[in-house]
Amino acid sequence: MSVSAPAKAAIQPVRQNRVRKYGPDGISGRRLGLRIAVGVIIALVFLTPYLIMLVGSLKTRPEILRVPPRYFPQDGLQWGNYASMWSTPETPLPFNLISTLIISIFATLLVLLVATPAAYYTARFRFPGKIAFLFLVIVTQMLQPAVLTAGLFRQMLVLDINDTWLAMILINAAFNLSFALWIMHSFFAGIPKEIDEAAQLDGAGRLKVLFTVNLPLVWPGIVTAIIFTFVSSWNEFAASLVIMSTAENQPLSVALTKFIGQYATSWQYVFGISIVAIIPVIILFALIEKRLIGGLTAGAVK
Amino acid sequence: MSTLTPPVIRERKRGGGPQNRDSLWAALPWVGPVLLLIFGVVLFPAAYMIYSSTRRISQAGTNVEGVGFENFATVFADPNLPRVLLNTFVWVIVVVSVTVVLSLLLANFLNKPFPGRTLVRMAVIVPWAASVVMTTTVFYYGLDRDYGIMNSFLVDIGLLDSTYGFTKNVATALGAAIVVGIFVSIPFTTYTLLAGLQAVPSDALEAAKMDGAGPVRTYFSVVLPQLRGALAVAVLINVINVFNNLPILRIMTGSIPGYSADTLMTYIFKVLQFDRRLDIASALSVVNFAVVILIVAVYVKVVKPMKET
Amino acid sequence: MKSRLRKGLVAAVAAGTLMVTSCGFGGGGSEAEGEGGDTTIDMLVPSYSDNTKALWEGVVEEFEAANDGVTVNLQIESWENLESVLQTKIQSGEAPDIYNGGAFSAFAAEGLLYPAEDIASEDIIGDFQESFVENESFEGTQYGLPLLASARALFYNKDLMEEAGVAEPPKTWDELYDAAKKITDTGTPGYGMPLGSEEAQGESLIWFAGNGGGFGDESEITVNTPENVEAAEFMKKMITDGVTQPDPGATQRTPMINVFAQGKIGMVYALPQTVGQIDKENPDLNYGVANVPTNTGEPATLGVADRLMAFKNDDDKQEAITQFMDFFFETGTYVPWVEAEGFLPTTKSGAEEMASNEVLKPFLEMLPDAQFYPTSNPAWNATDGAFKSLMGQLEDQDAKTVLNQIQAKADAAG
């Protein structure tokens, strides 16, 4: 089944055609209809809990605690909840959102900056202690911040960066490095080495080979790493709870708990904020989703 | 897992050959920043956890004295430990294996072209984007006997005669937790596999087609082997994350008295929250950490996810 | 050895930090430190209601305006997270200067707290009601300043009682059992018993107190006494005979009280806040508030008090803390605060001031017969935790076995 170079060249255009067109010429209409139907069902399954959340965020407080529950609120949808939640007495929500954004964006950038060269290098070259290095990296994934909060708090105190964005950027970056490195490693390792060699013959240095030749080929891996890091920084709770003590600095995950009172909880706000918190991740995803399809095939065609 | 490595792949030359062997010094600029970040941020708290596990720490939080391995003796003599370990393994194995199977199917489907595919892909990413705590909370309240919308839906469509307290009994609460665990793990796994599918060379697919292989055979002999790298990493990260997951189980099984529904993580949480034993909780965390390392070491040894030749 | 390791670590982290900052990014919003003789008091408090943050911020603002050079750093956390935040802070030697919480004796036993007389003037300390002061002392010294209190009472749904043919709210256990049974027979759970991890200790003490039992005192925690076992056996009988809501062992209090507010449970033990909650969520509910039924009919109930305490961190803060306490417990500041939160006052002057409050009146009258948690016993924390994680097993284990398990946890901590 191994394919020779000429065969490869001959096959390429054929496949391109098929990917671009899914109309009546490519796939039968019935099959396409089936796919759309399955797609709709899948989307519904994954969205249902969040639709419940959305409806909950549009209820009044008495309505949300009704026994038995109603699927839709009788006294109208309270869109006003989405306006009033920004100025509740419990937490300064606009600040919380900004904090979360800054922490997540910079943690993600830091991870990419640090993990990409290491992933490329470990996939391409051998050096003493490489296996130990990769294992060490994965060990950090096993240590969740949840069981380490006491030590993290103490360390940030000593460094005098407690209650700062920097502390949470460093923590989120460090604990999410491993996945980013491992997934990019596996993608770099999947690129035929001849590509590098050809570029090196042209006199390109290793860094240049990485950025101009390899990087465009591993976009799917990078996209996955970005989403992974961003999402877990976005939702990190345990370390933020003890390290960020000022209400304005706390991320959304911690701010949410402020609505949970001793005897009563403003569920409509908890749900509303959770919905709002999903949006930036979806925007990020929409921006980079095309890269996911691009990837290797795009590179191979060039 | 060894079936995932047929000879087809082996023939492709990739990765570093012996000629690419560098010295440690040449490697440092590339891997140094990673080491710096890890040693800078992770090492101290990890060491601190191990240190705490050998101390006696008062209820208030004061570090009283060193007690050697006494806390570990307490942990291993704990009559709840076997049940907790059993629950942990059931939880991890069921969640990860079902997640992987469903994600393989889903990734394969989302890789096929059809109108609206991007929208479906975005829908699938939502559980990943949402906070796990909130997703679990929705399930928890949805399944509540009195307020639960999901519960009353099951009654309305005739599956239940009257609402049922899913989160109040060990078996159903664990079951519900497992469903939520799978639900929130699928998006990440699917995306990793979907990314991996992009790396399947079209020439190999066409060659298989020309050889007259059906779609199933093509999938197992061409696609799956190519997914090996992404799959290996996805399973690894899933095992670790599911093993260490606290919020899902804490919420779904949290109102059940006693320890019969606990996993290692929720047990650590209870020791911390209710018994206020920071020292014992640290010892348990060390045990937890050792168990994960052991599992991962075995996994890495068997599956060799970092292998490239 | 340890300090060398730490130095090395700090250097490594500092280098990492430097690298990141030199990429053009510094930390955000670091807190302002007191400068030139100024004192900053760190204050950690739980959130009682959606008003809590605004109420404390109001107090702090007025206090800072009246006291030049003292800044209060307010941190508010949910009850669920409060104690883990505190524990982490103490472990790192960063305890808050003022803390609002439940248990205090474990801190006092280790000498972490200022005695009350060092952080409040005599007038203020003398104004607290004696029944509260008792529970603020450890080994003869008062440490806590009682902040607020509540008592439990029986809330009953008048419509459901009428439908079931129960004329009067029950006064004894047997009457309670009877009423619960009659209501249950009409198709709605008669009595709500929340033995889940949220509040199992509260429900238990209400029942134990109703049989002359309790949780013990400063020197000894007593859980498996004959009185308590008898009470637990009666609780178990209510469960087994099906006159409670389903799965009481895994039922949390807050959602259960909500179900009562929605008219779907006949009777529950609840607290002053419940009145306001019902007003907000289901004002049409036809309900009444009565004394807690007991085994013999003698009055008894559970009283709960929370307190302010001050951790010893820096000696020059003692004066500022005293200023704050004196400012806060003054009637003009304290009464509006405690009234807005809907709790009972702990000061004599506050009780006089609030005597006319119709909602709180029945609860104020119950206070003299209230049993409080043995907060002055250092093992109370662990006992409380043991009740929360184990008491629900009453559903399928025998009463004595369950109480023995809890006793064992308490003894292990003592």
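Under an unreviewed UniProt entry, chain C has the name Extracellular solute-binding protein and belongs to Arthrobacter crusticola.

(A) The overall build of chain C, seen in detail. Each helix and strand counted, chain C has 19 helices and 11 strands in total. In summary, chain C has a C-alpha radius of gyration of 24 Å against a globular reference of 22 Å for 414 residues, a match within 12%. Dimensions along the principal axes, computed over C-alpha positions, put chain C at roughly 75 × 50 × 45 Å. Counted over contacts in chain C with a minimum sequence separation of 6, partners at least 24 positions apart contribute 75%.

(B) Local environment of the overall build of chain A. When helices and strands are counted, chain A shows 14 helices and 0 strands. Counting from the amino terminus, helix and strand elements in chain A follow one another as α-α-α-α-α-α-α-α-α-α-α-α-α-α. Going through the 302 residues of chain A one by one, you find that 53% of them count as buried. In chain A, the share of contacts with a sequence separation of at least 24, taken over all contacts with a separation of at least 6, comes to 77%.

(C) A look at the interface of chain B and chain C. Taken together, the 27 residues of chain B in the interface contact 35 residues of chain C. If you list the elements that add at least two residues to the side of chain B that touches chain C, you get helix 2 (24-52) and helix 13 (264-273) of chain B. No other element matches helix 2 of chain B, which puts 7 residues into the side of chain B that touches chain C. Per-class residue counts for the side of chain B that touches chain C are 11 nonpolar, 10 polar and 6 charged.

(D) Looking closely at the interface of chain B and chain A. Counting from both sides, the interface comprises 92 residues of chain B and, opposite them, 102 residues of chain A. When residues in the side of chain B that touches chain A are grouped by element, the largest group, 17 residues, is from helix 2 of chain B.

(E) Expanded view of the confidence of the model for chain C. Residue and element names in this part refer to chain C. A residue-level look at chain C finds 91% of positions with pLDDT of 70 or above and a mean pLDDT of 88. Taken as a whole, residues 1-36 scores under 50 in pLDDT and shows 41 contacts with residues more than four places along the chain or in a different chain. The ipTM assigned to the predicted complex is 0.83, against a pTM of 0.84.

Definitions and limits used
- Numbering of residues begins from 1 in every chain and follows the order in which that chain's sequence is written.
- Here every chain gets a letter starting at A, and every ligand a number starting at 1, in the order they are written.
- Totals for whole chains, interfaces and linings use every residue, but because this is a predicted model, local features are given only for residues with pLDDT of at least 70 and side-chain atom pairs only at 80 or more, for both listing and counting.
- Here a helix means four or more residues in a row that DSSP labels H or I, a strand means two or more in a row labelled E, and each is numbered from the N terminus.
- We compute the radius of gyration over the C-alpha atoms and compare it with the globule rule, which gives 2.2 Å times the number of residues raised to the power 0.38.
- Think of it this way: build a C-beta for each residue from its backbone, and any pair within 7 Å is a contact.
- Using C-beta atoms placed from the backbone, we call a residue buried if 20 or more other C-beta atoms fall within 10 Å of its own, exposed if 12 or fewer do, and partly exposed for counts in between.
- Charged means Asp, Glu, Lys or Arg here, nonpolar means Ala, Val, Leu, Ile, Met, Phe, Trp, Tyr, Cys or Pro, and polar covers whatever is left, Gly included.
- The quantity known as pLDDT measures the predictor's confidence residue by residue, on a range of 0 to 100.

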